Amino acid sequence: MVATEASVRVISRMMISGEVQGLQLHLWLSSLGMLQVVTENMLNEAKALLDLSTLAAEAALPVSSMVSTFCRRHSDCGAHNSVSRIMLALKKNIGVACEADRMSQGKIVRTLHAIGNSGQAAQVEDVLDNCIRRKYFPEVRIAALQALYYMPCTVNRTRAEGIFHDQTEDWEVRITSYLVIMQCATLELLSKLRLTIATEQNEQVLSFVKSHVTNLRKKARSGGDHVPKFLDNAEFSSWEKEEQKLQTAKNIYGKSIFMKPVRGDTGGGSLYARFQGKEIAFFRSEMFTPGQSTWPAGQTLLSALRTLSTEGRYNFTQSAILADVSLVVPTASGLPLTLGLNSSASVELAVFGKLDFHDLTSSPRNLHAAGQIRAR
């Protein structure tokens, strides 16, 4: 994609009109999030993608990445009408009350990630607060807290602080809240932190906080800096010594073993892709719930078995440009040096297979399945 206002206008309108669909549509949307220079006209064109219900959820991340890129060059970006309109569109996708259910949860989480991408809070502070308050869906609360993490310290973090200090809260939500408040740490906050950790009952929270503080202290020293005043505390020093003892024990056999809490979620899983620190794609899979009908309309058991018993072959081919970037560097001779990076990828998959049911009718009963997936 050519990074010009005209090209953004053309591809946006082609996507809205339905001329581009399927994988090509996804690739075009993702490419918007990789633009190195974004203008206000580009934002106005991209905003139209958020107004279309069929594209709004998927367009949220790349469009919000465009906002972030624009704001890096315009410190007053919050005052630009194009940015305000995009943030209001994202807010509309969630709803002020942030009332999530199983059907809308994925859309809300994706939109919250987009809000975090943008780093703009002026239009959405009330929505984030409402999403954080609601305890029905931890994934929504965590996504809202992660969005708050990327906001400037002028944005109120009182609710996140309250969640961290409440030991009845979900431990994963508490850890996310901790990271949010540590973005804008103060001496007062650290004093409260020490009191909470002194009585902490949850092992995951206790271990995470101590490790995080220790790493902050080490990072400061490794960069040749003094430990920040708010972390230069005798109790924090003792935490670091504890971590060092644990690390020594872990390396006795010449290998480092890191214990990390893992959370299981029967509701599905998620995957995201980042480009230069900003999310450009987010995928969420839903597992089937008990009693949920998954049988295709009009399909019978006999027709399904007949389909599976017939050998089939499917081919998939897709090519895409991964990067097209140029950089002009001044040299000592006075002549410009142009550096370019161009990369592309092509994927070809061939899938074929068959299920053989013949031996199911005789004894001993057997089911034969054969298939291959070939990548070229």
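Per an unreviewed UniProt entry, the protein chain is named Vitellogenin domain-containing protein, and its organism is Pomacea canaliculata.

S.K.: Please clarify how the packing of aromatic side chains should be interpreted in this entry.
M.R.: Ring pairs (aromatic) are described by centroid distance and by the angle formed between their planes. Here the structure, examined in full by the defined rule, presents 3 aromatic pairs. With 5.1 Å between their ring centres and 85° between their planes, Tyr149 and Tyr150 make a pair best called edge-to-face. The partly exposed category is assigned to Tyr150, whose relative accessible area is 38%. Considering the side-chain rings of Tyr178 and Phe208, the 6.1 Å spacing of their centres and the 90° angle between planes classify their relative orientation as edge-to-face. Taken as a pair, Tyr178 in helix 10 (residues 171-182) and Phe208 in helix 12 (residues 203-222) lie far apart in primary sequence, 30 residues in all. You can call Tyr178 buried: its relative accessible area is 1%. Judged by relative accessible area, Phe208 falls into the partly exposed class, the value being 30%. Here the aromatic residues Phe164, Tyr178 and Phe208 are joined through ring pairs into a cluster of three or more. Across the ring face of Phe164, the terminal group of Arg174 is positioned such that the distance to the ring centre comes to 5.4 Å.

S.K.: Got a minute to help me understand the environment of Ile86 in this structure?
M.R.: For Ile86, the location among the structural elements is in helix 5 (residues 81-94). Looking at Ile86, the relative accessible area reads 0%, which means it is buried. Measuring from C-alpha to C-alpha, the distance between Ile86 and Ala46 comes to 8.8 Å, with 40 residues separating the pair along the chain. Every residue in contact with Ile86, bar those within four places of it in the chain, is listed here: Leu43, Lys47, Leu50, Val63 and Val67.

S.K.: Quick question: what am I supposed to make of helix 1 (residues 5-17) here?
M.R.: Three- or four-residue spacings in an α-helix give side chains the same orientation, since the helix completes a turn every 3.6 residues. Here helix 1 contains 13 residues, and its C-alpha end-to-end distance of 18 Å stays within 8% of the 18 Å for a straight helix at 1.5 Å per residue. Residues Ser7, Val8, Ile11, Ser12 and Met15 constitute the buried set of helix 1. Across the axial projection of helix 1, the buried residues extend over an arc of 125°, all falling on one side. Packed against the buried residues of helix 1 are helix 2 (22-32) and helix 3 (40-50). With its phi angle positive at about 90°, Gly18 sits one or two positions after the end of helix 1.

Rules used in this analysis
Residues numbered from 1 in each chain as written. Predicted model: local features only at pLDDT ≥ 70, side-chain atom pairs only at ≥ 80, totals over all residues. Heavy atoms only, no water. Phe/Tyr/Trp six-rings, centres within 6.5 Å; stacked < 30°, edge-to-face > 60°. Buried < 20%, exposed > 50% of the residue type's maximum accessible area, 1.4 Å probe, protein only. Helix = DSSP H or I, 4+ residues; strand = E, 2+ residues; numbered from the N terminus. Lys NZ or Arg CZ within 6 Å of the ring centre and 35° of its normal. Contact = heavy atoms within 4.5 Å. Expected span 1.5 Å × (residues − 1). Arc of directions from axis to C-beta.

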